Amino acid sequence: MSFKLNALLAALLVGCALSVVNARYQARHLLIELERLQQHARQLDIDWAQLQLDQSTLGKNERIEEIARTNLEMSRLTPARTQYLTDGGQ
């Protein structure tokens, strides 16, 4: 009877040990995945900040006016160059 009990307890001990090893493996795997996802989130935050900076820079009036003058060869509107249209009979 004692041998059977010892064998049963040894089997339970091995089973518990294997369960602990498996749990630690899964925890380590999940920790690595969490760190990878946190790094990805940090990179996305950096990208988002850069996009916001780019958007504010690209939308400035001075930049738009410079592109209009240089690339599109446009000039500022002056009152001398303004033409007014009137409604003839109404």
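Reading the values: the criteria
- Residues numbered from 1 in each chain as written.
- Predicted model: local features only at pLDDT ≥ 70, side-chain atom pairs only at ≥ 80, totals over all residues.
- Heavy atoms only, no water.
- Helix = DSSP H or I, 4+ residues; strand = E, 2+ residues; numbered from the N terminus.
- Rg over C-alpha atoms; globule rule 2.2 N^0.38 Å.
- Buried < 20%, exposed > 50% of the residue type's maximum accessible area, 1.4 Å probe, protein only.
- Lys, Arg positive; Asp, Glu negative; His and termini not counted.
- Charge placed at Lys NZ, Arg CZ, Asp CG, Glu CD.
- Patch = residues over 30% accessible without salt bridge, like charges linked within 9 Å, V, L, I, M, F, W, Y side chains within 5 Å.
- Areas by Shrake-Rupley, 256 points an atom, 1.4 Å probe, with all protein chains shown as cover.
- Salt bridge = Lys/Arg side-chain N within 4 Å of Asp/Glu carboxyl O.

A. The arrangement of the overall build of the protein in detail. Along the backbone of the protein there are two helices and zero strands. Against the 2.2 N^0.38 benchmark of 12 Å for 90 residues, the protein shows a C-alpha radius of gyration of 37 Å, more extended than a compact globule. Overall size of the protein, expressed as C-alpha extent along the three principal axes, is 120 × 35 × 15 Å. By the burial criterion, 1% of the 90 residues in the protein qualify as buried. Here the protein contributes 10 positive and 10 negative side-chain charges, whose respective centroids are spaced 14 Å apart.

B. Spotlight on unusual backbone geometry. In this structure, Glu73 is a non-glycine residue whose phi angle is positive, near 55 degrees. Considering the arrangement of structural elements, one finds Glu73 in the segment after α2 (61–70).

C. Seen up close, a nonpolar patch on the surface. Judged by side-chain polarity, Leu5, Leu8, Leu9 and Leu12 come together as a nonpolar surface patch covering roughly 390 Å² of accessible area. Assignment of secondary structure puts Leu8 in helix α1 (residues 2–58).

D. Region of interest: the pattern of salt bridges. The tally for this structure, following the rule as stated, stands at two salt bridges. As a salt-bridge pair, Arg69 and Glu65 come within 3.8 Å of each other at their nearest N and O atoms. Linking Arg69 with Glu65, this pair stays in helix α2, spanning four residues, or about one helical turn.

E. How the structure looks around the environment of Gln26. Looking at the element boundaries, Gln26 is found in helix α1. Considering only alpha carbons, one finds Gln26 and Ala68, 42 residues apart in sequence, at a separation of 59 Å.

Everything listed here is a matter of geometry and, on its own, says nothing about what the molecule does.
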